[in-house]
Amino acid sequence: MKPILLCTLTAAALFAQAPTQHTHLKVGDEAPDFTLPDTNNKPVNLSDFRGKKNVVLAFFPAAFTGG
C-alpha cells in the first residue's frame, strides 16, 4: 500500500472514531498501537511497521467534508 494512501486512510479513520482512551503523549514518545482497515478492509496494525518502515500520521481537520 502506498504510504500517502495509508496516511490518508489512517487520518480519516481516526477522525471518524470516538476516542476510547486518552493518552498523554509528548514529542518523541512512541505512538500507541492501533488497528485500522486498509483499502481492502483488512486490519492493519501500527506495530506491523515498527522497525521496518517509517510511518507518518497526518491529521487534516475537515478534510473530505465538502464544506
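In case you missed it, the structure is sitting above this.
None of the values given here were measured: they were computed from a predicted structure.

K.L.:
Tell me about the overall build of the protein, and please be specific about residues and values.
P.N.:
Of the regular secondary structure elements, the protein holds one helix and two strands. When the elements of the protein are put in sequence order from the N terminus, they spell out α-β-β. Put simply, the protein has 67 residues, and 13% of those count as buried. Across the protein, every contact between residues at least 6 apart in sequence was considered, and the portion connecting residues at least 24 apart equals 41%.

K.L.:
Run through the pattern of salt bridges, naming residues and quoting values.
P.N.:
If you walk through the whole model with that rule in mind, you get one salt bridge. Across the salt bridge formed by Arg50 and Glu30, the nearest N and O atoms sit 3.6 Å from each other. Placement of Arg50 in the segment after β2 (43-45) and of Glu30 in the loop between α1 (3-16) and β1 (35-37) is noted, with a sequence separation of 20 residues between them. Taking the relative accessible area as the measure of exposure, Glu30 reaches 60% and is therefore exposed.

K.L.:
Hey, could you go over the side chain of Asp38 for me, with residue numbers and the actual values?
P.N.:
Residue placement: Asp38 occurs in the loop between β1 and β2. Nearest to the buried, unbridged Asp38 among oppositely charged side chains is Lys42, at 6.3 Å.

K.L.:
Explain unusual backbone geometry to me, and be specific about the residues and the numbers.
P.N.:
With glycine set apart, most residues show a phi of negative sign, and most peptide bonds adopt trans. The phi dihedral of Asn41 falls on the positive side, at around 65°, and the residue is not glycine. On the secondary structure map, Asn41 appears in the loop between β1 and β2.

Quick notes on the rules
- Residues numbered from 1 in each chain as written.
- Predicted model: local features only at pLDDT ≥ 70, side-chain atom pairs only at ≥ 80, totals over all residues.
- Heavy atoms only, no water.
- Helix = DSSP H or I, 4+ residues; strand = E, 2+ residues; numbered from the N terminus.
- Buried < 20%, exposed > 50% of the residue type's maximum accessible area, 1.4 Å probe, protein only.
- Contact = heavy atoms within 4.5 Å.
- Salt bridge = Lys/Arg side-chain N within 4 Å of Asp/Glu carboxyl O.
- Lys, Arg positive; Asp, Glu negative; His and termini not counted.

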